[in-house]
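# An overview of the molecular structure
The chain contents come next:
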Amino acid sequence: MVPASPDAVDVDFNNSHARLRMNHLKVFDDHDLANSLTFGLGLPGDLGFPYPQISPVAPVRAFVSFDVEWNGALETAEIHNTAEHFEGTFLKTGATIRWSSEQPGFHFRSETPPDPSGNLVSVLGHERNGFFFS
Amino acid sequence: MKSSKPRDPPANSRRFFIGTVATAGTALGANLLLPNSAHAFNDQSCENARPKSIPGGVAPFNPFAIMIHHFPLNPAVPVAGINDPSQITDFHGFVGLTHIRGGGTGTDTKTGVSSPMAFQADMGFSTGKFIDIDGRRREGTFAFV
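As a starting point, this report considers the structure included with it. Just so it is clear, the structure is predicted and the values come from calculations on it, not from any experiment. (Residues numbered from 1 in each chain as written. Chains lettered and ligands numbered in written order. Predicted model: local features only at pLDDT ≥ 70, side-chain atom pairs only at ≥ 80, totals over all residues.)

## A word on the overall build of chain B
As a reminder of what qualifies: Secondary structure elements are taken from DSSP: a helix is a run of H or I of four residues or more, a strand is a run of E of two residues or more, and numbering for both begins at the N terminus. The contact criterion used here is simple: two residues whose C-beta atoms, placed from the backbone, lie within 7 Å are in contact.
What chain B contains, in helices and strands, is one helix and three strands. Secondary structure of chain B in N-to-C order comes out as α-β-β-β. Contacts in chain B between residues at least 24 apart in sequence constitute 57% of all its contacts with a sequence separation of at least 6.

See below:
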């Protein structure tokens, strides 16, 4: 997670709506998930683990901008989970995203307008966990 | 959590980056919750508060890679059965999480050549009150990118 300005997020929970917007956020392009999680070391492969060999790729500095919108409740649940110590009201919602990235030699722009059917699963919640769990 | 692929992935091309909203985000998400990490270098920080990660999470390349203190959403699971969608603990506030796919256009800025590409993102936010790693009550907003 990265710290964000308070105005990066707007939440209207009663209307099942929220928005996350950040511009020109510095990140590293780690090329792929394995390199992201191994700090660019890749995966060795063929050591008895069910992972393919993935060559190490050094991360590259990049910038991303995004506008994610949650909208419309599809399901609602009150959860009190004593195993994970969290509780609250949770909504499964629709969602869309617009995003772009820039790095030396390359840029990407997501489709506009974003396709709502691209939402696989999205959740909004008002929750308490850990110390605030009762 | 899955990394996505461009429709026509050039070998060793940085164009694969377009699939790494999820990938790069994983690094950011994981690293902010690790001590002494210099991997994320966001300077939009509104304060220096450091939240504590949730105890659980996933380790997709165990034992070769770091654990991610995050439970990816599963489209097949009803909302009543989800894991904690927050990445930080000792937290009281609003959270959002999304797992989403889409398309777009990648452009080689040296040649001007553009091509259609796909992406997959696992992103979210937490905004509210929390207790930081030093035990202080704080209020803040975080993005899971």
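Anyway, onward from the coordinates.
## Details of the overall build of chain A
To keep things clear, this is the line we draw: Here the globule rule reads 2.2 Å times residues to the power 0.38, and the radius of gyration is calculated from C-alpha atoms.
The secondary structure content of chain A amounts to one helix and seven strands. Seen in sequence order, chain A has helices and strands lined up from the N terminus as β-β-β-α-β-β-β-β. Whereas a compact globule of 134 residues would reach a radius of gyration of roughly 14 Å, chain A reaches 19 Å, over 25% beyond that. Counting only C-alpha atoms and orienting by the principal axes, one finds that chain A spans roughly 45 × 40 × 30 Å. Long-range pairs, those at least 24 residues apart, make up 55% of the contacts in chain A between residues at least 6 apart in sequence.

## Some words on the environment of Gly45(A)
Counting through the fold element by element, Gly45(A) comes out in the loop between α1 (33-37) and β4 (60-81). For Gly45(A) and Pro104(A), which are 59 residues apart along the polypeptide, the C-alpha to C-alpha distance reads 31 Å.

## Observations concerning the interface of chain B and chain A
Defined as follows: Amino acid classes used here: Ala, Val, Leu, Ile, Met, Phe, Trp, Tyr, Cys and Pro are nonpolar; Asp, Glu, Lys and Arg are charged; the rest, including Gly, are polar. Pairing between two strands is assigned when DSSP locates at least 2 bridges connecting them.
With 80 residues of chain B at the contact, the number on the chain A side is 71 residues. Elements that contribute at least two residues to the side of chain B that touches chain A include exactly α1 (20-32), β1 (91-108), β2 (114-131) and β3 (137-144) of chain B. The element contributing the most residues to the side of chain B that touches chain A is β1(B), with 17 residues. Looking at the side of chain B that touches chain A, its residues break down into 42 nonpolar, 29 polar and nine charged. In terms of strand pairing, strand β7 (residues 119-129) of chain A meets β1(B) through nine bridges, oriented antiparallel. Looking at the pairing, His126(A) lines up with Phe94(B) of β1(B).

## Some details on the pairing of strand β5 (residues 86-103) of chain A
All names here are of chain A. Strand direction decides the pairing type here: β4 and β5, joined by 17 bridges, are antiparallel. Bridge pairing in β5 links phenylalanine 66 to tryptophan 99. Remark: four residues form the turn of the hairpin made by β4 and β5, two consecutive strands paired antiparallel; histidine 85 in that turn has positive phi of roughly 55°. Two strands pair when backbone bridges link them, and β5 and β7 are joined in this way by seven bridges, in the antiparallel orientation. Bridging across to β7, glycine 88 finds its partner in glutamate 127. The sheet contact formed by β5 and strand β6 (residues 106-110) spans four bridges and is antiparallel. By the bridge assignment for β6, serine 100 is matched with arginine 109.

## Points about the nonpolar core
Heads up, the rule is: In plain words, the nonpolar core is the set of buried Ala, Val, Leu, Ile, Met, Phe, Trp, Tyr and Cys residues that C-beta atoms within 7 Å link up. Backbone-placed C-beta atoms define the burial measure: a residue is buried with 20 or more other C-beta atoms within 10 Å of its own, exposed with 12 or fewer, and partly exposed in between.
Residues Val123(A) and Ala143(B) are the most contacted members of the largest nonpolar core, which totals 50 residues. Sorting elements by how many residues they give to this core places β2(B) first, with seven residues. By size, the runner-up hydrophobic cluster in this structure holds seven residues, among which are Leu33(A), Leu43(A), Ala65(B) and Ile66(B).

## A look at unusual backbone geometry
Put simply, Thr112(A) and Pro113(A) share a cis peptide bond, and its omega is -5°. Within the secondary structure, Pro113(A) is located in the loop between β6 and β7. Residues Asn62(B) and Pro63(B) are joined by a peptide bond in cis, for which omega reads 5°. The backbone of His24(A) sits at a positive phi, close to 55°, despite the residue not being glycine. You can see His24(A) is positioned in strand β3 (residues 17-29).

## Some points on the pairing of strand β2 (residues 9-12) of chain A
Residue and element names in this part refer to chain A. Side chains Val9 and Val11 of β2 all project onto a buried face; the interleaved residues Asp10 and Asp12 project onto a face where none is buried. Here β2 runs beside β3; their pairing, made up of four bridges, is antiparallel. Within β3, the residue paired with valine 9 across the bridge is leucine 20. Between the end of β2 and the start of β3, which pair antiparallel, lie four residues, with serine 16 showing a positive phi angle near 55°.

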